[in-house]
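One letter stands for each residue in the lines below.
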Amino acid sequence: MTNDVVQLRSVTRVYGQGNVAVNALQGISAEINKGEFVCVVGPSGCGKSTMLHLIGGLDSPTSGTVIVEDQDLSTFTNNELSDLRLRRMGFVFQAFNLIPVLSACENVEFVLQLQGIGKNERDTRAREVLDSVGLADAADRRPGELSGGQQQRVAVARALVGNPLLLIADEPSANLDSTTTRELCELLQSINRKHGTTILIATHDSLVMNYSTRTIQLEDGKIQQENPA
Amino acid sequence: MLSVKVAWRNLWRNRRRTLLTAGAVGFAVLLVQLGMSFQAGSYEPMVEVSTRFASGHLQIQHVDYKDDPRTERFVSNTTELRSHLLDLPGINAVSNRTESFGLVNKDERSYGALVVGVDPQIDPSASHFSDQVTQGTYFDSPNSAIIGSALARNLRVSVGDEIVILSTDVDGSVAFIAPSVSGIFETGNDALDRSLVQVPRSLINDALMLEDSAHRVVIMIDQPMLPEQSSEVITPLVPSTASLLDWRELMPEISQSIRLDKISNGIVYGTLTVIVVLSIANTFVMTMFERTREFGTLRAVGMHNRSIFGMFITETILMWMLGVAIGYLLSTCALLPLINIGIGMDSMGMDQFAGLLFLPDRIYPAVDLKVVLVAPISIGVGMVLSTMLASIRLYRLSLVDALRYRE
Amino acid sequence: MNTFRLVLNLSLRNLWRQRRRNSILVVAITFAIGGVIVLNSMIRGMQVQMVDSVVENLSGHIKMHAPNYRDDPSMERGFVLDPIRVDESVEGLPVLGWAARITIPAVIMSERETRGASLIGIDPDRELISVVSNFKLEGEGLESTSDSRVLVGRSLLEELRTKLGRRIVLTTLDADGISKEIGFRIVGVYDAESESMEKSLVFTGRTALQELLNSSEVTEVSIRLKTRYAKQEDFDQVRKSFPELDVLDWQQVNPIVAFMYNTVNLVIYIWLGIVLGALVFGLVNTLITAVLERIHEFGLFRAVGMRSRIIVAQVICESVCLMILGIALGVAGSFLIYAWLYDGIDLSAFAEGVEMMGMSSQMKPAIVAHDVLVVVAVSITLAVVASFYPARRAVRMNPLDALRH
């Protein structure tokens, strides 16, 4: 048992074939330890998102190994990957990706329901988490009635409610202004410190990087530099 | 369940599209239901009217009589046979009839006609003739006759006149009877009114030396649309030289037109269903395109493919239920007022043919399980298949592409 | 013209962009249009058959009787035939020919059996206009109008249990209404397509029959035209020439068949309405989606100065293009099915049922150009009408909102 939550071992990812092949990742190796707040940074198209997708089991590498909690993801079936994401990971997307027909509280509850948790506990936990992200008042509104910053906080709440080991966020601040970005980052930092949740963020926003404990810089699918904060 | 809730809300996310799709389902359900209920409702009365003017529901006759009717091809001891038949379950009337082709004479005039000998006390339970007498009465003595209106006009016969009917007896010798006309009937069917004479069976049987025999033992049953059930019960009583025929064999034109009608309507309903299902499939494909990213998100938060498909199917089923409800509502509104009063043949301009084609005066829609279920089930199956077809693409798409769709 | 090409170009490209879902809709339209045309061709085929067989089976296009004959078909209700007057009455009409006949009920007795039938006195030379000339015969045909032998149907011969060459006795009423028994020799036995005809019609020479019944009259004249349908003017012309007679068209002579004929006319339009009604839902749905997902694009067009009329035109054009493609495929498909069914559908399993409706047991489809045009015109109109609402959605949008969307 290592202390690593994620290990990448010479991972490559090639999209397409022949002349149009794009080498999104060209043999990267990295570890992410428990309790870290890691930012993956670099210009767009450098492979940040690909790296996150591979770690989240949404995509599989062309070669190399992705290990999450000492388990090789290539041995997982689709449904096992789903369960891994459901119980051990939380996702936050650039475009929030909330379910538009559900209220904020129901969006958060949704994950718990997939986990098979009873109604009363679901409701209590969802409201607790929303409270912790500062949205107790907005629990019963639908995504369309919330501002961008609020939506993203609902998305964070949804990602956190299952008590994940790892929270993955892909450009979470891209659609937010600097004030809300700062609020979001403080929220993530407090979660990281309070619960020890490992956080992995892809971003090119220096504001976000300031909150990290370590940054991994990608360029053209290769790791250029790792900077401990 | 949350997923039903999500599915339900998803439907209302695009209210117009949902209503149009459900409307298409409702439209098809309504049309098929109306069509089928009137069809189903017309068959039995049509059979009932035609059997009461002619064949009855079932007949026992000599094995060769149907193909080549001859006087000597009869069934004997019919009074006894009748009482045995009446003891059987599901049988409500039995009437023995003797038939012979005869030359009907009045003074110098003569016309050919079918002479049918009936038991005046019994036959009205199996036929409509007693109700069709428009002048005089239905048999007033053992030596009387009722005669078709056109034949009466052509023979210049009126009620009370004596007519002479010449025929051949079982041995082939000439036989004659001379009844007096007690009544003139008018059925509206030209063939019957022009060439049918009814006399008491005792009268013609004496003349033809047929004793207690008959050419047709006409049986009326409780369930005319299911004659095979009664056939099973009756068969043991059928004499060895006779056979049992049901109305479908006796009046092939009626059962064939019913079958032809069912087939051609089936094709029409089938095409309608295919068109509706195709336009629904088209809508589903559009919906699925729009929901690509939602699909990706659901997978990313850890939902299984199976559960997501379950949600799509739930949406489809809800939409189907909505459509079927609309269809049922409309067809109930349309049928409810008609179920008791029916549609008169006159309103369809068909009254003038009612007699010619043995049509009933009114048609009442008949709603049975088949009428209620056929359209909804076939459309439902089509919708579920469409959902599958439309969602195949999502399962083929990589999750990364799904999440990035149109970003 | 340039605008039109721009609109057409944009529409076609947009349709192609969504070819997958549009192809499903095109299949639905194909099915609908093909289904309607195939069904129409069946119905038209049925009607043609009804008319042809009725006209052939002794009705002709126009028939004349003495008044009251139809209620009391007997020799007493005859009229004197004036061939010159008949010829004059049909002058200028596309006449194939006419025949005078005597048709009266008779009782037929063989050595063993008695049956009722119609005895028909004909001029064999003139019956080229009717089914009589097509009979498959065993033995000989009637030689002339003065031939006093009879042609009997196969089924009737069997029921009478007699044979070719034997004598039968017919009892009928003569010109004075007096019953008469006449012996005839069976000169030929005919097979007809319809069993009921075989059972009910017995033919002999007309002038021979007149002599036997002390009459110089006939009971009917039947006129057959070269065209399939008699025009009302043709009919009126004949009727004017014979004001003292009942002049009837085939519909009056065969009310049941005429009723069926006219009913199925209605079926064609009901069916067209149902099918297109079912299509409207899918069409409107597709168009609305196509509009809403491009609302941004439309906003952009508006922002760069495109007139809303052109946007409306674009939506209508897309709808009509989809419909035209579906129509083309549907018409092509229905012609293939038509070619495949050209030899007819075998309905002999329903022989008695279809005979009741005046059809033959081989049902041949017939495509009528007019019907196809109606279907095409109505569906294109529908495509235009169905696109109104979606098109209004497309232009009602404020360009700024659309751009922000």
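Asks: Let's hear about the overall build of chain B: which residues, and what values?
Replies: Along the backbone of chain B there are 14 helices and 13 strands. Computed over its C-alpha atoms, the radius of gyration of chain B comes to 32 Å, more than 25% above the 22 Å expected for a compact globule of 407 residues. Along the first, second and third principal axes, the C-alpha atoms of chain B reach 100 × 45 × 30 Å. Counting only residues that meet the buried cut, chain B has 57% of its 407 residues in that class. Total accessible area computed for chain B in this model is approximately 16300 Å², and 59% of it derives from carbon and sulfur atoms. On chain B, the mean spot of the 32 positive side-chain charges and the mean spot of the 41 negative ones are 23 Å from each other.

Asks: Talk me through the overall build of chain A; I want residue IDs and the actual numbers.
Replies: When you go through chain A residue by residue, the secondary structure sums to 7 helices and 10 strands. With respect to the three principal axes, the spread of C-alpha positions in chain A is 50 × 40 × 35 Å. Per-residue burial over chain A gives 55% buried out of 229 residues. Long-range pairs, those at least 24 residues apart, make up 71% of the contacts in chain A with a sequence separation of at least 6. Roughly 9700 Å² of accessible area belongs to chain A as shown, and the carbon and sulfur atoms make up 43% of that amount. In chain A, which carries 20 positive and 27 negative side-chain charges, the distance between the mean positions of the two groups comes to 2 Å.

Asks: Provide a residue-level description of the interface of chain A and chain B, including the pertinent values.
Replies: Many structure descriptions define interface size as the accessible area lost when the parts assemble. Each partner contributes residues to the interface: chain A has 27 residues there, and chain B has 24 residues. Between chain A and chain B, a total of about 2300 Å² is buried, with carbon and sulfur atoms accounting for 60% of that surface. Our enumeration of links across chain A and chain B arrives at 1 salt bridge. Here arginine 9 of chain B ties to glutamate 106 of chain A by a salt bridge, and the two come within 2.6 Å at their closest N and O atoms. For the interface between chain A and chain B, the tally reads 9 residue pairs in polar contact (both at pLDDT 80 or more). Broken down by element, the residue count for the side of chain A that touches chain B peaks at 6 residues, all from helix α2 (residues 78-88) of chain A. Taken together, the residues of the side of chain A that touches chain B sort by class into 13 nonpolar, 8 polar and 6 charged.

Asks: Requested: an account of a nonpolar patch on the surface, with residues and values cited.
Replies: All names here are of chain B. There is a patch of nonpolar side chains on the surface, built from Leu369, Leu373, Ile377, Val381, Leu385 and Met388 and spanning about 550 Å² of accessible area. For leucine 369, the position within the fold is in helix α13 (residues 369-396). Note on leucine 369: relative accessible area 64%, which makes it exposed.

Asks: Please provide a residue-by-residue account of the interface of chain C and chain B, values included.
Replies: Listed per partner, the contact involves 62 residues of chain C and 56 residues of chain B. In this assembly, chain C packs against chain B so that about 5100 Å² is buried in total across both faces, 66% of it on carbon and sulfur atoms. Per-residue buried area on chain C facing chain B is highest for Phe259, Phe281 and Phe350 of chain C; these three make up 13% of the total on that side. Linking chain C with chain B are 5 salt bridges, by the criterion used here. A salt bridge links glutamate 72 of chain B to arginine 161 of chain C, with the shortest nitrogen-to-oxygen separation between them at 3.7 Å. Scanning the region where chain C abuts chain B turns up 15 residue pairs in polar contact (both at pLDDT 80 or more). Secondary structure elements with two or more residues in the side of chain C that touches chain B: α2 (19-59), β3 (95-109), β4 (114-122), α4 (154-160), β7 (167-173), α9 (255-293), α12 (351-356) and α13 (369-396) of chain C.

Asks: Give me the packing of aromatic side chains: which residues, what numbers.
Replies: A full pass over the atoms with the stated rule returns 14 aromatic pairs over all chains. Ring centres 4.8 Å apart and planes at 65 degrees place the aromatic pair tyrosine 138 of chain B and phenylalanine 139 of chain B in the edge-to-face group. Each member of the pair, tyrosine 138 of chain B as well as phenylalanine 139 of chain B, is classed as buried. Summarising the aromatic geometry, the rings of phenylalanine 309 of chain B and tyrosine 395 of chain B are spaced 6.5 Å apart at their centres and angled 70 degrees between planes, so their arrangement reads as edge-to-face. Placement of phenylalanine 309 of chain B in helix α11 (residues 305-341) and of tyrosine 395 of chain B in helix α13 is noted, with a sequence separation of 86 residues between them. Cluster of aromatic residues (ring-pair linked, three or more members): Phe53, Phe129 and Phe185 of chain B. The cationic tip of arginine 19 of chain C hangs over the ring face of tryptophan 16 of chain C; the distance from NZ or CZ to the ring centre is 4.7 Å. Across the ring face of tryptophan 98 of chain C, the terminal group of arginine 126 of chain C is positioned such that the distance to the ring centre comes to 3.9 Å.

Asks: Before we move on, could you go through α13 of chain C and cite the residues and values that matter?
Replies: Along its 28 residues, α13 of chain C runs 41 Å from first to last C-alpha, staying within 8% of the 40 Å computed at 1.5 Å per residue. The axis of α13 of chain C is deflected most strongly, by about 35 degrees, at phenylalanine 388 of chain C, and proline proline 390 of chain C appears within four residues downstream.

Asks: I'd like to hear about the domain arrangement of chain B, residue by residue, with values.
Replies: Residue and element names in this part refer to chain B. Segmentation of chain B into domains returns domain 1 (2-50 + 255-404) and domain 2 (57-249). For domain 1 and domain 2, the distance between their C-alpha centres works out to 50 Å. Taken as a group, Val47, Glu48 and Ser255 account for 47% of the area that domain 1 buries against domain 2, more than any other trio of residues on that side. The interface formed by domain 1 and domain 2 includes 0 salt bridges. Going through the elements one at a time, α2 (15-53) and α9 (252-290) are the ones with two or more residues in the side of domain 1 that touches domain 2. Among the elements that make up the side of domain 1 that touches domain 2, the one with the highest residue count is α2 (4 residues). When grouped by side-chain class, the residues that make up the side of domain 1 that touches domain 2 number 5 nonpolar, 2 polar and 2 charged.

Asks: Break down the sheet that holds strand β1 (residues 4-15) of chain A for me, citing the residues and quoting the values.
Replies: All names here are of chain A. Taken together, 4 strands build an open sheet; the order of strands is β2-β1-β4-β5 and the sheet is antiparallel. The sheet terminates laterally at β2 (22-33) and β5 (71-72), the two strands that pair on one side only. When β1 meets β2, the two strands line up antiparallel, connected through 9 bridges. Bridge pairing in β2 links arginine 13 to leucine 25. Sheet strands touched by helix α1 (residues 48-55): β1, β2 and β4 (63-68). Its angle to β1, the strand with the most contacts, is close to 120 degrees.

Asks: Residues and numbers for unusual backbone geometry, please.
Replies: Negative phi is the rule for most residues except glycine; trans is the rule for most peptide bonds. Residues and elements named next belong to chain A. The backbone of aspartate 70 shows a phi angle near 65 degrees, a positive value even though the residue is not glycine. Here aspartate 70 lies in the loop between β4 and β5. In this model, aspartate 220 sits at a positive phi of 50 degrees, which is unusual for a non-glycine residue.

Asks: Can you break down the environment of lysine 199 of chain C residue by residue, with the values?
Replies: Residue and element names in this part refer to chain C. Mapped onto the fold, lysine 199 is located in helix α5 (residues 195-200). Here the alpha-carbon distance between lysine 199 and leucine 164, two residues 35 residues apart in the chain, equals 15 Å. In this structure, lysine 199 is in contact with Gly116, Ala117, Ser155, Leu156 and Glu159, ignoring residues within four places of it in sequence. A distance of 3.3 Å separates the side chain of lysine 199 from the side chain of glutamate 159, its partner in a polar contact.

Asks: Got a sec to walk through the packing of helix α5 (residues 148-160) of chain A against helix α6 (residues 178-195) of chain A? Specific residues and values, please.
Replies: Residue and element names in this part refer to chain A. In the contact formed by α5 and α6, the axes pass within 10 Å of each other and the chain directions differ by 15 degrees. Comparing their axes, α6 and α5 come out roughly parallel. Handedness of the α5/α6 crossing: right-handed. Judged by residue contacts, Gly149, Gln152, Arg153, Val156 and Leu160 of α5 engage Thr180, Glu183, Leu184, Leu187, Leu188 and Ile191 from α6.

Asks: Could you give an account of the sheet that holds strand β7 (residues 166-170) of chain A, with specific residues and numbers?
Replies: Residue and element names in this part refer to chain A. Judged by pairing direction, the sheet is mixed, and its 6 strands sit side by side in the order β6-β7-β8-β3-β9-β10 without closing on themselves. Either end of the sheet is taken by a strand with one partner, and the two such strands are β6 (89-92) and β10 (222-228). Averaged over neighbouring strand pairs, the angle between their axes works out to 15 degrees when direction is ignored. Inspection of the sheet shows β6 paired to β7 by 4 bridges, in the parallel sense. Among the inter-strand pairings, glycine 90 is bridged to a residue of β7, identified as leucine 167. Across the sheet, α1 touches β3 (37-41), β6, β7, β8 (198-203) and β9 (214-219), and the angle it forms with β7 is around 150 degrees.

Asks: I'd love a proper account of the pattern of salt bridges, names of residues and values included.
Replies: Per the counting criterion, the structure on display carries 50 salt bridges over all chains. A salt bridge links arginine 127 of chain A to aspartate 140 of chain A; the shortest N-O distance between them is 3.2 Å. Note that arginine 127 of chain A is positioned in helix α4 (residues 119-132) and aspartate 140 of chain A in the loop between α4 and α5, a separation of 13 residues in sequence. Given the relative accessible area of 34%, arginine 127 of chain A is considered partly exposed. Glutamate 113 of chain C is the salt-bridge partner of arginine 161 of chain C, the closest N and O atoms lying 2.7 Å from each other. Within this pair, whereas arginine 161 of chain C is found in the loop between α4 and β7, its partner glutamate 113 of chain C is found in the loop between β3 and β4, the two being separated by 48 residues in sequence. The same class applies to arginine 161 of chain C and to glutamate 113 of chain C, which are both buried. One salt-bridge network, in which partners are shared between bridges, spans Glu72 of chain B together with Glu113, Arg115, Glu159, Arg161, Glu195 and Lys199 of chain C.

Quick notes on the rules
Residues numbered from 1 in each chain as written. Chains lettered and ligands numbered in written order. Predicted model: local features only at pLDDT ≥ 70, side-chain atom pairs only at ≥ 80, totals over all residues. Heavy atoms only, no water. Helix = DSSP H or I, 4+ residues; strand = E, 2+ residues; numbered from the N terminus. Rg over C-alpha atoms; globule rule 2.2 N^0.38 Å. Buried < 20%, exposed > 50% of the residue type's maximum accessible area, 1.4 Å probe, protein only. Areas by Shrake-Rupley, 256 points an atom, 1.4 Å probe, with all protein chains shown as cover. Lys, Arg positive; Asp, Glu negative; His and termini not counted. Charge placed at Lys NZ, Arg CZ, Asp CG, Glu CD. Contact = heavy atoms within 4.5 Å. Buried area = accessible area lost by both parts, 1.4 Å probe. Salt bridge = Lys/Arg side-chain N within 4 Å of Asp/Glu carboxyl O. Polar contact = N/O pair within 3.5 Å; in protein donor to acceptor, adjacent residues only side chain to side chain. Nonpolar A, V, L, I, M, F, W, Y, C, P; charged D, E, K, R; others polar. Patch = residues over 30% accessible without salt bridge, like charges linked within 9 Å, V, L, I, M, F, W, Y side chains within 5 Å. Phe/Tyr/Trp six-rings, centres within 6.5 Å; stacked < 30°, edge-to-face > 60°. Lys NZ or Arg CZ within 6 Å of the ring centre and 35° of its normal. Expected span 1.5 Å × (residues − 1). Bend = angle between axes of the 7 residues up to and from the residue. Domains from an automatic or database assignment. Pairing = 2+ DSSP bridges. Axes fitted to C-alpha atoms, helices over the stretch in contact; angles between N-to-C directions. Parallel < 35°, antiparallel > 145°, perpendicular 65-115°, else oblique. Left-handed = near helix turned anticlockwise from the far one by under 90°.

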